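# Coordinate inspection notes
Single-letter residue listing:
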Amino acid sequence: MNTFWNMKRRTFLKGGSSFVAAAALVSPASALRAFAQAPAKTVITAAHWGPLEVTVENGKITGSGPALADRRENYLQSVVADQVHHRVRVKQPMVRKGFLDGLDDVETPDGKRGKDEFVAVSWERAYDLVEQQLRRVRQEHGAKSIWGGSYGWYSSGSLHAAQTLLQRFLRLTGGYVDRVNSYSTGAISVIMPHIMGNAETTVPQTTWPVILEHSDVVMIMSANPMNTLEIAWTSSDEKGRLYFEKLRDSGKRIIIIDPMYSETARFFGDRAEWIAPNPTTDVPLMLGIAHELLTTERHDQAFLDEYTVGFERFAAYLRGEDDGTEKTPEWAANICDVPADKIRELATLFADNRTMLMAGWAMQRADKGEQTHWTLVTLAAMLGQIGLPGGGFGFSYHYSNGGVPPHEAIVVPGISATPDAPHLADQIEDTSEYTLPVARIVEALENPGDKLDYNGGQVTLPDIRLIWWCGGNPFHHHQDTNRLRRAWQKPEVVIVSEPYWTATAKHADIVLPITTSYERDDITMTGDFSNMHIVPMKKVVEPQHEARDDYEVFRELSARFGVEQEYSEGRTQMGWIKHFYEQAADVARAKRVRMPRFQQFWEENAIIKNPVDKSRGDWVRHADFREDPVLNPLGTPSGKIEIFSETIDAMNYDDCLGHPSWLEPVEYLGNATPEHPIHLMTPHLAYRLHSQLNYTRLRDEYAVANREPVFLHPEDAAERGIADGDLVRVYNDRGQILCGAVLDEGIKRRVIAIHEGAWYDPADDGDNALCKNGNMNVLVVDRGTSKLAQGTCGYTALVQFEKFTGTAPELTAFEPPIGAA
Ligand SMILES: Nc1nc2c(c(=O)[nH]1)N[C@H]1C(S)=C(S)[C@@H](COP(=O)(O)OP(=O)(O)OC[C@H]3O[C@@H](n4cnc5c(=O)[nH]c(N)nc54)[C@H](O)[C@@H]3O)O[C@H]1N2
Ligand SMILES: Nc1nc2c(c(=O)[nH]1)N[C@H]1C(S)=C(S)[C@@H](COP(=O)(O)OP(=O)(O)OC[C@H]3O[C@@H](n4cnc5c(=O)[nH]c(N)nc54)[C@H](O)[C@@H]3O)O[C@H]1N2
Ligand SMILES: [Mo]
């Protein structure tokens, strides 16, 4: 098996340990006094990647690492210094030159976004420009022309929640167009409520102790928890991995289903079986298993009768009664490239044992992605173990440490996007008709006014004139970057609030330099599911350069619009933090749990651990439903699991039928062409959170030939004369990107992987610019998963690749644009 990651990891550990030593060295106060400098201090704060202890000397960050007692290695925690001090920080408010020159005719954009230089302005001037443009667009076109959807993974913190603050401000000043859903679970979060009554992604999972005690077999499908558990939406409690270690050591049967031999597969090694289907063909694989269960009568008819509706319709589909195709293991094998015998074996294994079906989200981030988890739920229903300890399914064991036993729900709330301002209610426009499924932003820019089918209804595409992105990076996260880049020229004004010169910032008219979370005070929880800790997020260093907090930017602008009181509710930043803390303290008091007074908590700068919720340590998902489906029905129309959904069927969609079905994706190996014979996968990387941290020293651990790595099967590489470390051009009709080759036997033939999150770095201003930093989304299909969910298709892309033989263009992804220091 390829040793790329193992090798890289060793290098990192070396670097890592010297780094830790450096941090430790500075601590003896005597050593420092010799230089008559301020002593080094350590400060507790937090990021998505866990609570952090950060070391500062003379206003500079010199080290960072984990703050929790049971420390374990998480690369992401080691680069706070880069996050704060890197040259790619936005240092001053900046305005695009063409925008400034064309201020008297802003309505006619010059088409030069992302291709222009920038001019530094004062904050006052920046506020003036933002205020003028916002007033003008609101007056001329109304709230429906202002895009405040601003999707993204901005930093942790209850107060400095970038997107929420933007929306709070835009709402108080008259409204904006919002988005629904996420790029994460675009398909499941719409289909699952029809099937299970909720999304099944952000809900408590059967706890780990139950799995360790009761499950015999654990399937891990389309998930790579060893990477993805590094982070959480609030801050990671860092416990999920410990349970995966216990699982590995338990001797249970582990089945990993992934086209790549992932870090998780490596972690389990020979204690798991790796099965590699073709990308986005898990539905046929599961239909094959279901067919085998049905024909060998291993399915649990009693469970299906009592707890589900519509199984007969699905069984008829399996038998091929509607379409003439029986969904036999042989039929499935032909599509997914898992041998029919193996499919039969899985059916027997799952049926004869207590089996937990864990699934990640990659496979639903694809054309017709709705079908994946629906088929999986149906398979689990046929096995009849839903609601039993250690059986059924779980869609969040790979995310935010789902399944870690919960602690008492003593929760620190956060700032709200909908402040209580009844006197303003009739000034806030209702834009709900335009609320956009998030990944359809480019359609809106291209065809304002058009109708979009969505979940049984229709959305009117808003006519967006002003975009304000605050806390996200669409030039990383959105598919078909060249198409986005063209559509992005259409609005009149683009404002971006960012700490860094991301490609999105470089494609803005007005760029506001924002503090990182290490330059401001805040508070957060750990454990999106577990409520484990309350963490003070103390300012580590003063704001760098001219950066300001998102909170202050919107407070200042609120004052200009006469709504400062409503925005701030009369509180200072510290007043807010205390206010949030005290709401948690009220709950604690009611539960008779002792919490320090706020002042003490803040001064001690220590993490609070909530007590374990003893009543829920052995909680089993859907046990109550199983116990009494009448008293505890699911939130579906039938109150049961909907294997056939009358609701969906009545929508009459050709791309999402009434029962789980195999509907061919627009692009996958089954319809590959000689021009584009390769399936591109875009998994998430351990060394980044999406595009965050791409510029840090962690990049040295994975970059190849100073580019984003592309993982290639050695035979596919050999056919093209490519050796390990070569530059590779990956391309299709949507675009082209430059990567560095990693030859890896742990990937299927005719499949390649390029991780999501490399900063878009176009080589020129043309329509088909080569991305010099390997941003995979240049190559990915931009369309809705189906009319039902309109989710993202991040994993749907056929490509070709070749050895790059020209002169390698200079990488500029991490350089500020012309005009910026
Ligand atoms: N092809 C493909 N595409 C994908 C995916 C995939 O698997 N394949 N995955 C998708 C998924 S699941 C997701 S969630 C998205 C993620 O997409 P994003 O969430 O947009 O990605 P991030 O890189 O996390 O962007 C967060 C941005 O916020 C900025 N930021 C951080 N803190 C602050 C702050 O305090 N204030 C402000 N104003 N800004 C701040 C960061 O610098 C960064 O630029 O990508 C999606 N795109
Ligand atoms: N370190 C780190 N952790 C993260 C993130 C990050 O960027 N970095 N992002 C966070 C976010 S916002 C999200 S939404 C989650 C994402 O969580 P997921 O969506 O589950 O993560 P992915 O990395 O996209 O994919 C997981 C695994 O599925 C495999 N896979 C891809 N396609 C298929 C397929 O068609 N079938 C099967 N069976 N397997 C397939 C991939 O090879 C990969 O090993 O992770 C979160 N955690
Ligand atoms: Mo995500």
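The structure presented is a predicted model; accordingly, all values stated were derived computationally and were not measured.

Let us look at the pairing of strand E3 (residues 60-66). Among the seven residues of E3, five are classified as buried, and the element is accordingly described as predominantly covered. Between the end of strand E2 (residues 50-57) and the start of E3, which pair antiparallel, lie two residues, with Asn58 showing a positive phi angle near 50 degrees.

Taken domain by domain, the protein chain comprises domain 1 (1-85), domain 2 (94-181 + 411-431 + 457-514 + 539-570), domain 3 (201-405 + 619-645) and domain 4 (669-803). For the pairing of domain 1 and domain 2, the buried interface totals around 800 Å² over both sides, and the portion due to carbon and sulfur atoms is 60%. If you sort the residues of domain 1 by the area they bury against domain 2, His48, Gln83 and Val84 come out on top, with a joint share of 51%. At the surface where domain 1 touches domain 2, the tally comes to zero salt bridges. The element that contributes the greatest number of residues to the side of domain 1 that touches domain 2 is strand E1 (residues 41-47), accounting for four residues. Within the side of domain 1 that touches domain 2, the residues separate by chemical class into six nonpolar, five polar and two charged.

Inspection of the region around ligand 2 gives 35 residues, with Asp258, Thr280, Asp282, Arg365 and Arg688 positioned closest. Taking Asp258, its side chain carries an N or O atom lying 2.6 Å from an oxygen atom of ligand 2. Separating an oxygen atom of ligand 2 from a backbone N or O atom of Thr280 is a distance of 2.7 Å. In isolation ligand 2 has 920 Å² of accessible area, and contact with the protein removes 99% of it. Its residues placed into classes, the shell around ligand 2 shows 18 nonpolar, 11 polar and six charged. Split by domain, the shell around ligand 2 shows at least three residues from each of two domains, domain 3 (201-405 + 619-645) and domain 4 (669-803).

What follows deals with the state of the cysteines. Tallied over the full model, the rule gives zero disulfides. Summary of cysteine pairing: Cys739 is not part of a disulfide, and the nearest cysteine sulfur, belonging to Cys771, is at 8.1 Å. Overall, Cys739 belongs to the buried group, its relative accessible area being 0%.

Reading guide: rules and limits
Residues numbered from 1 in each chain as written. Chains lettered and ligands numbered in written order. Predicted model: local features only at pLDDT ≥ 70, side-chain atom pairs only at ≥ 80, totals over all residues. Heavy atoms only, no water. Buried < 20%, exposed > 50% of the residue type's maximum accessible area, 1.4 Å probe, protein only. Helix = DSSP H or I, 4+ residues; strand = E, 2+ residues; numbered from the N terminus. Pairing = 2+ DSSP bridges. Domains from an automatic or database assignment. Buried area = accessible area lost by both parts, 1.4 Å probe. Salt bridge = Lys/Arg side-chain N within 4 Å of Asp/Glu carboxyl O. Nonpolar A, V, L, I, M, F, W, Y, C, P; charged D, E, K, R; others polar. Near = heavy atom within 4 Å. Polar contact = N/O pair within 3.5 Å; in protein donor to acceptor, adjacent residues only side chain to side chain. Areas by Shrake-Rupley, 256 points an atom, 1.4 Å probe, with all protein chains shown as cover. Disulfide = S-S within 2.5 Å.

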